[in-house]
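# Descriptive analysis of the structure
Listed below, chain by chain, are the residues.
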Amino acid sequence: VVCLALILTTGSLGVCMGYHRCLTHGSFQTYRPIRWLLAFLGGLSGEGSVLTWVSNHRKHHVFSDKEGDPHSPRDGKWWSHMLWFMPNFGQRWHREIAERYAPDILKDKMMVVIHYLFLPSHLATAALLFLVGYFGTALGMGGVWWGCSLVFWGVGVRMVYVLHVTWMVNSATHLWGYRNYETSDDSKNLWWVGLLAFGEGWHNNHHAYQRVASQGHKWYEVDTTYWAIWLMEKVGLAWDVVRLRDIPKGTRPA
């Protein structure tokens with residue numbers, strides 16, 4: 001239960017809704033505290049801080065499947081899936097890429113604080129889960145075994161799932177699938193990534209219309225992250241939601 005709950009909060013809400021659709025592309029607007037919360041949850045995914053993630057993803061769209069793309073399968077399938085983030089280019093490189101591709105995030109002092117809380121937040125989450133398991137006698141738990149079990153499922157297993165399904169958007173959806181739109185890159189729609197990655201697998205749709213909040217453009221292209229955005233809009237927590245009907249007809253996809 002802890003694993004599934006944290007998959008949804010860090011994966012769908014944190015990465016897909018927060019990092020990607022809200023902070024990277026501005027697919028909808030929300031209150032600043034909610035933006036900060038989504039950025040914090042995105043950091044708990046383990047995919048890098050808000051500054052790192054937003055910078056790299058915006059760069060990806062600028063150079064998609066061309067020289068300069070941080071994670072194109074044209075440079076190797078495993079490179080695009082997970083090897084691309086492993087080289088340590090140093091703090092100066094990270095600062096320069098953030099200044100170029102995410103100056104709006106840098107201007108928000110709370111976002112910078114959340115950036116520096118990336119590693120401490122993981123340690124705090126693991127400690128909290130252990131304590132809940134260790135002292136959770138009211139839930140029929142208690143002891144070191146239960147504490148370690150919650151850490152294993154809530155941090156280890158959960159992060160493996162969220163990391164790999166998100167990385168599949170970088171790798172698998174640029175290799176296999178179908179295309180609704182002609183774009184200048186290799187992006188494709190891949191149904192099983194769409195289901196596993198909370199709607200992010202309809203990647204050709206996204207590359208064609210990057211700011212559109214819903215990445216599923218056909219009735220069968222399920223996008224659970226957009227459902228959450230729609231619900232937020234209905235209760236007044238989101239507004240200016242960009243939809244496909246808002247894009248002028250005849251506009252050529254980027």
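Before going into details, it helps to say that this report is about the structure given with it. In this text the structure is predicted, and so the values were computed from the model without any measurement. (Residues numbered from 1 in each chain as written. Predicted model: local features only at pLDDT ≥ 70, side-chain atom pairs only at ≥ 80, totals over all residues. Heavy atoms only, no water.)

## With respect to the environment of R179
Here is the rule: In this text, helices come from DSSP runs of H or I with a minimum length of four residues, and strands from runs of E with a minimum of two, each type numbered from the N-terminal end. Between two residues, a contact is recorded if the distance between any of their heavy atoms is within 4.5 Å. Whenever a nitrogen or oxygen atom comes within 3.5 Å of another N or O atom, the pair is scored as a polar contact, on the condition that within protein one atom can donate a hydrogen and the other can accept it, and that pairs from neighbouring residues in sequence are kept only if both atoms are in side chains.
Topologically, R179 is positioned in the loop between α9 (144-170) and α10 (191-196). Here the alpha-carbon distance between R179 and H203, two residues 24 residues apart in the chain, equals 8.8 Å. Excluding residues that lie within four positions of it along the chain, R179 makes contacts with D185, D186, S187, K188 and N204. Side-chain polar atoms of R179 contact the backbone oxygen of D185, separated by 3.2 Å.

## Considering the nonpolar core
Note the following rule: Residue types Ala, Val, Leu, Ile, Met, Phe, Trp, Tyr and Cys, when buried and joined through side-chain atoms within 4.5 Å, form a set referred to as a nonpolar core. Three exposure classes are used, based on accessible area relative to the maximum for each residue type with a 1.4 Å probe and protein chains only: buried under 20%, partly exposed in between, and exposed over 50%.
Ranked by size, the top nonpolar core spans 25 residues in total, and within it L23, F28, V50, I105 and M111 carry the most contacts. For this core, the secondary-structure elements that each account for two or more residues are α1 (2-24), α2 (32-44), α3 (50-62), α6 (103-107), α7 (109-116) and α12 (224-234). Ranked by residue count, the leading element in this core is α1, at five residues. Other than its neighbours up to four places away in sequence, F28 contacts M17, R21, C22, L38, I229, M232, A238, W239, D240 and V241. Membership of the second largest hydrophobic core comes to six residues, among which are V169, L190, V193 and A197.

## Overview of the packing of aromatic side chains
Short version of the rule: Think of it this way: a Phe, Tyr or Trp ring, Trp meaning its six-membered ring, pairs with another when their centres are within 6.5 Å, and the plane angle makes it stacked under 30 degrees, edge-to-face over 60, tilted otherwise.
Evaluated as defined, the whole model comprises 10 aromatic pairs. Pairing Y19 with W53 gives two aromatic rings, centres 5.4 Å apart and planes at 45°, and the pair type is tilted. You can see Y19 sitting in helix α1 and its partner W53 sitting in helix α3, a full 34 residues away along the chain. Take Y19 and W53: they sit in the same class, and that class is buried. Look at W219 and Y220: their rings are 5.4 Å apart centre to centre, the planes differ by 90°, and that puts the pair in the edge-to-face class. By relative accessible area, Y220 is classed as partly exposed at 41%. Grouping aromatic residues by their ring pairs yields a cluster made of W84, F85 and W167.

## Describing the pattern of salt bridges
Our working rule: Whenever a carboxyl oxygen of Asp or Glu lies within 4 Å of a side-chain nitrogen of Lys or Arg, that contact is scored as a salt bridge.
One pass over the structure, following the stated rule, counts eight salt bridges. Between E200 and R21 there is a salt bridge, with its nearest N and O atoms 2.7 Å apart. Here E200 is found in the loop between α10 and α11 (203-208), whereas its partner R21 is found in helix α1, with 179 residues between them in sequence. Per residue, the accessibility class of E200 equals that of R21, and both read buried. Here D223 makes a salt bridge to R21, at a shortest N to O gap of 2.7 Å. Taken together, the positions of D223 in the loop between α11 and α12 and R21 in helix α1 put the pair 202 residues apart, joining distant regions of the chain.

## Description of the layout of surface pockets
The test is simple: A 1.4 Å probe that fits but cannot get out identifies a cavity on a 1 Å grid over protein atoms alone, an open set with protein on both sides within 12 Å along at least five of seven lines counts as a pocket, and a residue lines either if it has an atom within 4 Å of a point. Grid points are joined across faces, edges and corners, and a volume is the space filled by probe spheres set on the points. Lys, Arg, Asp and Glu make up the charged group, whereas Ala, Val, Leu, Ile, Met, Phe, Trp, Tyr, Cys and Pro make up the nonpolar group; the residues left over, Gly among them, are polar.
In this model, the largest pocket occupies a volume close to 970 Å³. What lines the largest pocket is a set of 43 residues, among which E47, T52, N56, W84 and H94 lie closest to the centre. Those elements that provide at least two residues to the lining of the largest pocket are α1, α3, α5 (91-101), α7 and α9. The biggest single contributor to the lining of the largest pocket is α3, with seven residues. Partitioned by chemical class, the residues of the lining of the largest pocket number 21 nonpolar, 17 polar and five charged.

## What to know about empty space enclosed by the protein
Over the atoms rolls a probe the size of a water molecule, and its path tells where empty space is left. In this structure the tally under the stated criterion is one cavity of 30 Å³ or more. By volume, the largest cavity amounts to about 40 Å³. If you trace the largest cavity, you find it lined by Y19, A39, F40, G43, S49, V50, I114, H115, L117, F118 and S121. For the lining of the largest cavity, the secondary-structure elements that each account for two or more residues are α2, α7 and α8 (118-135). The biggest single contributor to the lining of the largest cavity is α2, with three residues. Looking at the lining of the largest cavity residue by residue, the class counts come to seven nonpolar, four polar and no charged.

Everything listed is a geometric property; what it means functionally is a separate question.
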